[in-house]
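Report on the structure
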Amino acid sequence: MSVPFSGTLRRSGGIVSAIGKQLKSINLKGVKRITVQLDPFAENVKSTREFFFLLSTPKVVQTNPKCVVKSDIVCDRQPASIKFSLIDAAQEQAQVKEIRFNSSNLNTLELLELCNKHVSSLAPPEEVTNKVLTKAEKQKLGGGSKKVLKKK
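Conventions used here
- Just so you know, the residues in each chain are numbered from 1, in the order the chain's sequence is written.
- A pLDDT threshold of at least 70 governs which residues receive local features in this predicted model, and a stricter bar of 80 or more applies before side-chain atom pairs are shown or counted, although totals over entire chains, interfaces and linings include all residues.
- Think of the side-chain values as coming from all heavy atoms in the structure, minus any hydrogens and water.
- Helix numbers and strand numbers start at the N terminus; a helix is a DSSP run of H or I with at least 4 residues, a strand a run of E with at least 2.
- Taken over C-alpha atoms, the radius of gyration is set against a globule rule of 2.2 Å times the number of residues to the power 0.38.
- Exposure categories follow from relative accessible area, calculated using a 1.4 Å probe and restricted to protein chains: below 20% of the type maximum is buried, above 50% is exposed, and the middle band is partly exposed.
- Residues count as neighbours in contact if any of their non-hydrogen atoms are within 4.5 Å of one another.
- All accessible areas in this document rest on Shrake-Rupley with a 1.4 Å probe, and a residue is counted as covered only by the protein chains that are shown.
- For the purpose of counting charges, residues Lys and Arg are taken to be positive, whereas Asp and Glu are taken to be negative. His and the chain ends are not included.
- In plain terms, the charge of a residue is placed at NZ if it is Lys, CZ if Arg, CG if Asp and CD if Glu.
- Any two rings among Phe, Tyr and Trp, with Trp reduced to its six-membered ring, count as a pair given centres within 6.5 Å; such a pair is stacked if its planes are under 30 degrees apart, edge-to-face if over 60, and tilted if neither.
- For this document, the term salt bridge refers to a Lys or Arg side-chain nitrogen within 4 Å of an Asp or Glu carboxyl oxygen.
- Throughout this description, the term nonpolar core refers to a set of buried Ala, Val, Leu, Ile, Met, Phe, Trp, Tyr and Cys residues connected via side-chain atoms within 4.5 Å.

Details of the overall build of the chain
Helices and strands together make up the secondary structure of the chain, namely 6 helices and 4 strands. In the chain, the order of α-helices and β-strands from amino to carboxyl end is α-β-α-α-β-β-α-β-α-α. In terms of C-alpha radius of gyration, the chain reaches 24 Å, well past the compact-globule figure of 15 Å for 152 residues. Counting across all 152 residues of the chain, residues that qualify as buried make up 31%. A sequence separation of at least 24 residues applies to 72% of the contacts in the chain between residues at least 6 apart. Summed over all atoms, the accessible surface of the chain reaches about 11800 Å², with 55% contributed by carbon and sulfur. Here the chain contributes 26 positively and 13 negatively charged side chains, and the mean placements of these two sets differ by 19 Å.

This is the structure we're talking about:
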């Protein structure tokens with residue numbers, strides 16, 4: 001008698017692929033400004049610095065080029081924090097003006113997950129733009145023009 005297989009067929013990609021997956025789904029369209037405040041001499045600030053770096057990658061910046069990403073470097077032993085200032089439409093939806101993460105005890109993956117859960121969900125829906133149709137697509141939609149043969 002054999003034991004039935006239970007589990008995955010292959011190993012997971014690890015933390016790097018999980019961060020990449022979360023990074024692909026970040027949408028900053030509902031954000032006006034992001035302020036990252038950190039003390040560089042604190043013990044657990046590495047994940048906040050990594051998150052700040054990931055926010056400035058070109059694919060994330062493309063989601064909202066008008067979003068300002070600013071860092072506040074302080075030396076007062078305060079815990080690291082990230083503040084997202086929302087646009088008006090997102091403020092009405094969430095009924096708050098800003099979202100704050102106390103990031104001192106979170107790793108980079110958890111910060112990205114929280115960002116996707118609380119910030120990316122507030123992005124306004126994309127407006128549908130009119131697509132330019134080719135002749136063949138127009139004929140398919142309109143039924144096409146049929147040639148009529150004349151009988152003599």
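More follows now that the structure is in view.
Concerning the packing of aromatic side chains
Evaluation of the coordinates by the stated rule reveals 1 aromatic pair. Aromatic pair Phe 84 and Phe 101: ring centres 5.4 Å apart, planes at 65 degrees, arrangement edge-to-face. Remark: Phe 101 occurs in strand β4 (residues 98-102) and Phe 84 occurs in strand β3 (residues 81-86); sequence separation between them is 17 residues. Since its relative accessible area comes to 0%, Phe 84 is described here as buried.

Topic: the pattern of salt bridges
A full pass over the atoms with the stated rule returns 5 salt bridges. Here Lys 46 makes a salt bridge to Glu 50, at a shortest N to O gap of 4.0 Å. Of the two residues, Lys 46 and Glu 50 both sit in helix α2 (residues 46-55), 4 residues apart, roughly one turn of that helix. The exposure class of Glu 50 is partly exposed, given its relative accessible area of 33%. Note that Arg 100 is salt-bridged to Glu 98, the shortest N-O span being 3.3 Å. In this structure, a network of salt bridges that share partners links the residues Lys 83, Glu 98 and Arg 100.

Regarding the nonpolar core
In this structure, Leu 28, Val 31, Ile 34, Phe 51, Ile 82, Phe 84 and Val 119 are the most contacted members of the largest nonpolar core, which totals 27 residues. Looking at this core, the elements that each hand over two or more residues are α1 (15-24), β1 (31-38), α2, β3, β4 and α5 (108-118). Apart from residues lying up to four places away in sequence, Phe 51 is in contact with Ile 82, Phe 84, Thr 108, Leu 111, Leu 112 and Cys 115.

Honestly, it's all geometry; don't read function into it.
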